[in-house]
Structure formats: C-alpha cells, structure tokens
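Here is how the chains run, residue by residue.
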Amino acid sequence: MASKFGLAGGIPERRVRPIWDAIDSRQFKNALKITTTLLSKHHNSPYALALKALILERMGKPDEALSVCLNAKELLYKNESLLMDDLTLSTLQIVFQRLDHLELATSCYEHACGKFPNNLELMMGLFNCYVREYSFVKQQQTAIKMYKLVGEERFLLWAVCSIQLQVLCGNGGEKLLLLAEGLLKKHVASHGLHEPEALIVYFSILEQQTKYGDALDILGGKLGSLLIVEVDKLRIQGKLLARAGDYAAAANVYQKILELCGDDWEAFLHYLGCLFEDDSSWSCETINASINSPKFVECKLAHLTDEVFNSCVENASAFVQKLQAETSNDSLRNPYLAHLEIERRKCLFRKNNDDGVIEVLLQYYSRFGHLACFTSDIEAFLQVLSQEKKIEFLDKLMKNSSSLSAVPTKALGQSITLLKTQELIGNMFRLSVAELEGSAVQMAELYCKNIPLSKDLDPQESMHGEELLSIACNVLVQLFWRTRDLGYFIEAIMVLEFGLAIKRYAWQHKILLLHLYSYFGALSLAYERYKSLDVKNILMETVSHHILPQMLASPLWADLSNLLKDYLKFMDDHFRESADLTFLAYRHRNYSKVIEFVQFKERLQHSNQYLVVRVEAPILQLKQNADNIEEEESILESLKCGIDFVELSNEIGSKSLIFNEDFQSRPWWTPTTEINYLLGPFEGISYYPKENLTKERETSVRGLVERKSLLPRMIYLSIQSASVLFKDSSDTNGSLADHKTSLELKSLLERYAKLLGFSLNDAIDVVMGVSRGLKTYEVFGSDVIDWLNFAVFFNAWSLNSNEFGQHEGKRTPVSWQLVNSLLENYVLSKLRSMGPLIQSPQGDLPKLVQAVTEPLAWHGVVIQSCVRSCVPSGKKKKKSGSTGQSISLLSHAVRDAIQSLCSILEEIVRWSQDQIKSPEDNKIDILVSSLKTNGQNGGPGHVFHILETLASSPNETELGNWISQALRAWSPVDVGRKIITGQSRVLSEFCRICESKIKALKSLKQQIAQV
C-alpha cells in the first residue's frame, strides 16, 4: 500500500511535471493542452481531472472547474481500485477551497480516511480541512487518532491546541482543560517533552485552570530546561508567582528581568504590581481590548496602609535609581518613565503629590523633551493632575524653554514638544483669537527657519519640523470654528498642501487634508488623499474610518463601490489565509501562534466596521438600480429578498462588537466618526483626553445596522404590496399571499419604529404631524433619513392594508400626500439654507444626497411598482366597478407623487448646475482673496504669506536642490483649482443621479397617462 501512496494516481512524475511548470509560469492554455493529452491516456485518473479543474479555475471558469472536480470526486467514491493519494486530494482541496466548496474537499478526505484508516498522510490532510473549517472538536478527534497511531508529541499538541480553541473561541466548557492536562501529564510521564512550545502550551493549560503552583513546579523541574532564553523563563516565572499570590518572590524575579532588560516597560509595571500586591496589570489582558489601549494600567492601592505604601515606594525608588545609575545608554527612557509611574501612584494614593509629578515631568523634559514621542509618553501621567496643575506644569515648562539645546535639531524638537504639550493639555482653546494667530505665525516662521536642517535628507525621510505644519493647521481650524471666517479654513488647507509639496509622503498631512476636503464638499479630492495613503492589508480595517462614513453619504458611487469591494476582499482573503497560516503554525509546531491566528480572525469577524460594510454594500447596489424596477428586483432576488439581512438584524443584539479603528490619528475636531465639532457652534471644549465613547458607539452602530438590515426586505415587500393592489379578488391563494405581505411589512414597520424609539401608531402620528406642519423636522433629530424611510414604507403598507389608506371602501391618497409633503419640504428647506459651496462648507449636502438616494429612491421604486400594476398590458380586461375607481384614485395619487418628485429633483439640478457653471476664475478669486492680509495685523492670511514668501524665492544653497524644486512647483492657484474641481465633481455626480431619476419619472408619467 505504501508504494501506491508514493505515486500521483499512478501517473509517472515525468508526465505531470510539465503541467505544474506551465501552471507556475501562468501558461494555463498550454497546461490545459498537456492535461487533455494526459487524460486521453488516463481518462479515469482523478488526479488528472483534479489538475484540469485547477487549470480551469485559474482560467476564470469556475463552473467548468466545479463540474470536473465533482467528476473526479465521483470516480474516487465509485471505483474501489483507484488510488487515493494525498496529492490528488490536496489538489482537489485547492480547487474546492477557491470555489468556496471546502465541505466537498472535507468529504473526500473523510471518505479516504474511512477506506485507509491508518494512513497518516491522509489523516493530516483531513486535519487540515477541519482547521480550515474551524471545526475544533473534529480537529481534536483527528489529532488524537494520529497521536494514537504514531505516538508523536506534535499530534498530542495539535489535540491540546484544539481543546484550547474550543474553550477560548468555541462553546467548550472548562472541563475540557482537565482532559488536555491529563493527556499532557500522561505523555510527559512516558515520553517527557522535547519542544519549548510544548511547554508553553502546558503552562497555558494550567494557567487557565489557575493551577499556578503546578506550573511553577514544572518550570523549576527538568522540563524547565527546555526554555533556553533566561529572560523568557523569568517572565513566565514572575507571572506565575504573581498569579499564585507570592508577590515578594515575583517582585524579585521582575527585578532580575529589569536588570537584564532595562527598557522593558511591561516588566516594570508588573514589578510595581507585585510590590503593591496589585494584580491589575495582569487582569487587563484580553483579546478584545481596543487597539488604542492606554500606556498605563489602573491600580488598586486602597488596601495598603500608609506604612506599607511608603515602604514599597522607597524600595521601588531605590531600585529605579539603581537602574538609572547603571544605564549606560542615554536613549533608554524606561528607567525615567518608571520614576514618573512611582510619582503617579503616590499621587493616586495620597491625592496630594501633584508637585512631585510636575517636578519629575520637568526632569523628563530636560532629558527627552526633544523626542517626538515625549507627549505620548507623558499623556498618561498628566491625567492624575487637575486642570490647574496641568497649567502650572505648562507654565514651568515654558520658563524652562529659555534654555534650549545648542544642537539645532534638538532645540527644534524641544520647541515642537512645547507646542504639542499645549495641545495635549488643551491650552490652545484658552488662548484669544489674537494669541492663536500669533502662535500660528510663530510656528510657520519656526518651520521656515529650520527647513535647511533637512536639505541632506532623502526625500522619503521625515523632515525636521514637519509636525509644525500639522499643529499650525489645528490652530487655523480652531480659528475658523471660532470666527467662521472661511479664510482660516482655506489657509489650513494651503499650509498642509505646502507641506505635501515638499514632502509628499507625510501621512499626517494627508489625513488632515482628507478631513478638511470632506468638510469643504470636495469629497473626490478627499478620496484621492485617502488613496495616496496606499492603505493595504490590516490598515483597511484600522484606517478606512477616515473616509468610509463620508463616502457612504456621497454621490460618488463608483468610488464607494471600489472602497467597499476592496475592504470586503481584504476581509475575505484574510479569513481564507488565516486558516492557511493556522495550519502552517501547526506544522511548524508554533502552537502559541495557532491560538493567536484564530483569535485574531475572531476579532476581525466581530468588527463593527465589517458588519456595517456587509450591510451597506448591497444597499449601494439597490441605490444604483432604483430607477429600474426590473434590475432592482434582480438585485433583491440575489439577496434572497432581504431575508438574510432580517436575520442579521435579529442577531445583532447578541453579537459582540469590536472597534479596531485607530482613532488616535483623527483630527481634534472629529475624534470619532459620529462627531464633528465644526458642524456646531464654538464650545470652547478641551479635547484632552481623547473621548472614550466605545459604549455609545456600540449602541449607535447596533441601531444603525439593525435599521439598515431591514431595508432590503422592506423594499421587496413594498414592491409586492404595490404590485398586488389590483389582482383578481377571486384568487384566494393570491389574497392569502397579499395578506401575509401586509402582515410582514407591518411587523417590520413596528420594529423600525421601535428602533426609532416609538410604537408604530406614535411613529405614524409623528410623521403625520411633521407633514401637516404641526411639528418641525427637529422632532426627527439626527435620524431624519430613517424617519423619511419609515414614511415611504408606511405609504407602501397603507396601499394594501385595511387599517390605513381606505375611506368608504376606497383607497385614498392620504399617505401619498404625507410622503410627498415630507420629502418636498425637507429637501427644499435644505436647498434654501445652503449657500454656494465655495463660500460655505458642505453643511447639509450629505443629508441632501441621502434623502435623494434613499427615501426618495425607495418612493420611486414603489411608484414604479404601482404604475406597473395600474397600466394595462397585452389583452388584460379592463377593470370595472370599485376596482376601476380604486385604480383611478391610485393613478391620480401616483401622478401627483411623480410630479412632486420631479419638482424636487429639478430644483436640486438647478441648484447644482448654478454652482457648477459659476466661472472658475471667480471661485479662485474667492479662495485667494480670503487669504489677503491687506496690511492688517489680524485675520487670516499671515501664515500663508510667510510660506508664499519662502516659495517665491527659495535659496538653493541654503535649502538644497530637491527642497528648492519642490517649493518652486507649489502653486496656491493650483490648490484652489483642485478644490473647485473636487467640489464640481461631487455636484456633477449628484446632478447625474437626479437627472437619471427625472428621466425615469417622466417615462412613468407617460405610462400612467394611459390609465
């Protein structure tokens, strides 16, 4: 039997090799030709068929590939004499996996293992299939069989890891850990352990059961010698001792670690935790922690007496002083941060150690103030100070700044640190307008003065002082927020574009510009800046929050579609590759990575952003096809009529959501995707510390996804409700189906209303009150688009309901008038309140776009369904009696609705075209004139003037060749032209959407005229 499994289905290697060579070189046609020849001689060879299927899949012929694969599978099952080698099965597995039919590959391996139960190679292939399916129980069972077959340590560890995954990521109870421990104990007793990773797994199993003493005994015994790196061994020992409650011994161990690795901050926190008998530094370890986790941990000190606390502090301080004295590397920050942490804990314990914290902060500045990381280092320690003490620290820091370093780069770094510290504390918000203007001018002058320091750097290296432009931008945006003078806003854009002209790789400038352009209505330009960040891989998850929310409310559908597709492709690829990496970790016996890969996959699957994109992607398709009901129905059919999304809406309440976005990189004025301070009046807020709104965001995301998930099904039911209006009443089956449609739509309306915080009847009263002018749109709050959607679907339900929309047995147009009025009043009021985009930032434009592309579009779909139902086609009999009167009433209501929507859309088109056709030179004059100082001391333009002066006559000797060339290439007029083009593209796309809807409505108007 062994000889059989050494061959690829009995085909000689020399005949197969040319096929693989052709596949590897992507010569698929040649590979297919050779395979066809091979099949003519070996027509019953599953391996040859598997090769053909692989080639067909690579050629983009999935259906043919699947058919060939199924033929190969059938041959394997039917013919007992055929060989079942791993090469054939693994080739089939590759194809099945790429075709999203992994279960078929698993069934092939299960069949093969059933026929040859003692073949290790086949069992490993089956284990691989279960790894890809994340079937932890079956992984365990298969690994145990392999272990019993050959007794190898690795298969035991595969089984133990599978058990751990059942506990950590599955539904397995902790009793399973006893089984894993028992398996390991038995193996150790008979064979011992031979790999460090095996020992790490053993420790983790014991830790999960809080058997720290047993783990310490093993570490101190013969097996402990498997850990060769002393520091690694000490870290495990220290953690086990601390978790076991032996804090004194653990503190000694962490001292040894710090003596060996003086810059290990985590070890120092653990050391302090042991001294103060506080387990906070271990209890905060969790896979679901935010990626923006704090640089310090909360600590428990209340259980200590003054005497014990003072003794601990004295011991810690003495040890830190020893570390500082023995440190020969001046760049090590940990021993000095350790001093700060001790003072922080003294402050938390006594509540009167503010002066001690300030003193050590000043010392830390004198040593490391020139480093870019200074403010992020001290952020955690500033939080224990009151606002008055923070200002006191800042004052002392400013006084010390008179003695800057003699080294120019260090002096520049210290100056930037002073400005960043002011930002961190929130002092910038306490300055007057004049002081802010002066501060921004000083930053620009400091930047220009220090540009020569970067002349010898590579263009891809970070420039000295480039952060000054970001800080100046923050100040200018605040000045705009305070004064509403657009000149400051334009100046902020010019400052950042100036920085990018010199250093086009400055990602901080790109992110700030992205948000400024988004706010200014030049979303296409913002998207360009996002694309220039070259966001790939996991950054798709952590960085796309900068652009995704704005794009979802924009008319740039092609760009949005690409953004959503790229994101979903990354996630799908990662989930597929994660299984490959997991099995690779098994094979390479890196068992800790097995757990890590699976947990990371779980984290991404619970991403709030992933959930939102999964819902928004099909809704975008529905928006794009809303003008053609046949195409809309085709999309709905591909979405199973929205049933899966209703199920998702039902499940969202029990799903745990994880927020992976890196919000630390967001500008101060929009700390989260839901907040933009510039949209409201100046509040004088301090944005230190960064707001932690995880719970509020989770509630918001859940509500959003629940409502959005109902839309596809409600659109489908609305089409059905309008389509069945005038079916023959004698059709009993049809009547039952119509009744079910009405009941289900009512049920979904009740859920939708509940998500808006109302009962169905109360929600109906609210929309009717607003429609009749008895209430204002403010009653809708920030959910105005959802309320308009509700009104549209309420109208669709009313068409086929006996509860609303009927009077004296006849359907009346009340609900039609309600929707027409709501949409018309809302859109027209927004248009009247919006000035020219070039003179006022976007304001209500995103809401206007959403109103047109969602509720108005869905209303249009309902109208199309009604028209299709009303208009006679073929040889249909003319309706008579009450049905004919109902058609007449409905046709009048539909005509009015079509006319109303046409009027709304034509107003939007007129408004958009007026702005698009406005002369470009006039718009550029508006932008550039807002930056003219006209000899005044105050107002916008002073920072811009400093940069413009430098760019107009650069000194090549002083600045270097590449900087001088970049300065000459910078043009403020070109920047203004880009802004105008960006705004025009957004308006043009919006205009195109509206014109498409007008065209469709006019066609419907002609059809309804036949009734």
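Notes on the structure follow. (Residues numbered from 1 in each chain as written. Predicted model: local features only at pLDDT ≥ 70, side-chain atom pairs only at ≥ 80, totals over all residues. Heavy atoms only, no water.)

### Re the environment of Glu630
- By the element assignment, Glu630 lies in helix α33 (residues 629–638).
- On the basis of relative accessible area, Glu630 is assigned to the partly exposed category, the value being 48%.
- As a C-alpha pair, Glu630 and Ser865 span 235 residues in sequence and 9.7 Å in three-dimensional space. (Helix = DSSP H or I, 4+ residues; strand = E, 2+ residues; numbered from the N terminus. Buried < 20%, exposed > 50% of the residue type's maximum accessible area, 1.4 Å probe, protein only.)

### Overview of the packing of helix α11 (residues 196–208) against helix α12 (residues 212–220)
- For the pair α11 and α12, the least separation of the axes is 8 Å and the interaxial angle reads 160°. Considering their axes alone, α11 and α12 lie roughly antiparallel with respect to each other. Both α11 and α12 take part in a crossing whose hand is right-handed. Side by side, α11 and α12 meet where Leu199, Tyr202, Phe203, Leu206 and Glu207 of the first sit next to Tyr212, Asp214, Ala215, Ile218 and Leu219 of the second. (Axes fitted to C-alpha atoms, helices over the stretch in contact; angles between N-to-C directions. Parallel < 35°, antiparallel > 145°, perpendicular 65-115°, else oblique. Left-handed = near helix turned anticlockwise from the far one by under 90°. Contact = heavy atoms within 4.5 Å.)

### A few points about the packing of aromatic side chains
- Per the stated rule, a full pass over the model turns up 38 aromatic pairs.
- Look at Phe155 and Trp158: their rings are 5.1 Å apart centre to centre, the planes differ by 90°, and that puts the pair in the edge-to-face class. Of this pair, Phe155 and Trp158 both sit in helix α9 (residues 153–168), three residues apart, which is roughly one turn of the helix. Per residue, the accessibility class of Phe155 equals that of Trp158, and both read buried.
- Plain terms: the ring middles of Tyr777 and Tyr826 are 5.5 Å apart, the flat faces sit at 45° to each other, and that makes the pair tilted. Placement of the pair is Tyr777 in the loop between α37 (760–771) and α38 (784–799) and Tyr826 in helix α39 (residues 814–833), with a sequence separation of 49 residues. Side by side, Tyr777 and Tyr826 carry an identical accessibility label, which is buried.
- What links up through ring pairs into an aromatic cluster is the set Phe758, Tyr777, Phe780, Trp787, Phe790, Phe794, Trp797 and Tyr826.
- Across the ring face of Tyr77, the terminal group of Lys73 is positioned such that the distance to the ring centre comes to 4.4 Å. (Phe/Tyr/Trp six-rings, centres within 6.5 Å; stacked < 30°, edge-to-face > 60°. Lys NZ or Arg CZ within 6 Å of the ring centre and 35° of its normal.)

### Observations concerning the pattern of salt bridges
- Across all of its chains, the model carries 48 salt bridges by this definition.
- With a shortest N-O distance of 3.4 Å, Glu989 and Arg992 are connected by a salt bridge. Taken as a pair, Glu989 and Arg992 lie in helix α47 (residues 972–1008) at a separation of three residues, close to a single helical turn.
- It is possible to trace a salt-bridge network through shared partners that takes in Asp100, Lys569, Asp573 and Arg576. (Salt bridge = Lys/Arg side-chain N within 4 Å of Asp/Glu carboxyl O.)

### Thoughts on helix α40 (residues 845–853)
- Among the nine residues in α40, seven count as buried, and that is most of the element.
- All of the buried residues along α40 are Leu845, Leu848, Val849, Gln850, Ala851, Val852 and Thr853.

### Remarks on the nonpolar core
- Tyr447, Phe498, Ile502, Tyr530, Phe790 and Trp816 are the most contacted members of the largest nonpolar core, which has 198 residues in total.
- Per-element accounting of this core gives the leading share, 13 residues, to α47.
- Excluding its chain neighbours within four sequence positions, the residues that come into contact with Tyr447 are Met463, Gly465, Glu466, Leu468, Leu469, Phe498, Ile502 and Leu947.
- With 92 residues, the next largest nonpolar core counts Phe96, Leu126, Ile218 and Phe583 among its residues. (Core = buried A, V, L, I, M, F, W, Y, C linked by side-chain atoms within 4.5 Å.)

### Structural notes on the environment of Gln255
- Structurally, Gln255 is set in helix α14 (residues 247–260).
- Note: C-alpha distance between Gln255 and Met123 (132 residues apart in sequence) is 48 Å.
- If near-sequence neighbours (up to four positions away) are discounted, Gln255 is found in contact with Tyr271 and Phe319.
- Of the polar contacts made by the side chain of Gln255, one reaches the side chain of Tyr271; its length is 3.2 Å. (Polar contact = N/O pair within 3.5 Å; in protein donor to acceptor, adjacent residues only side chain to side chain.)

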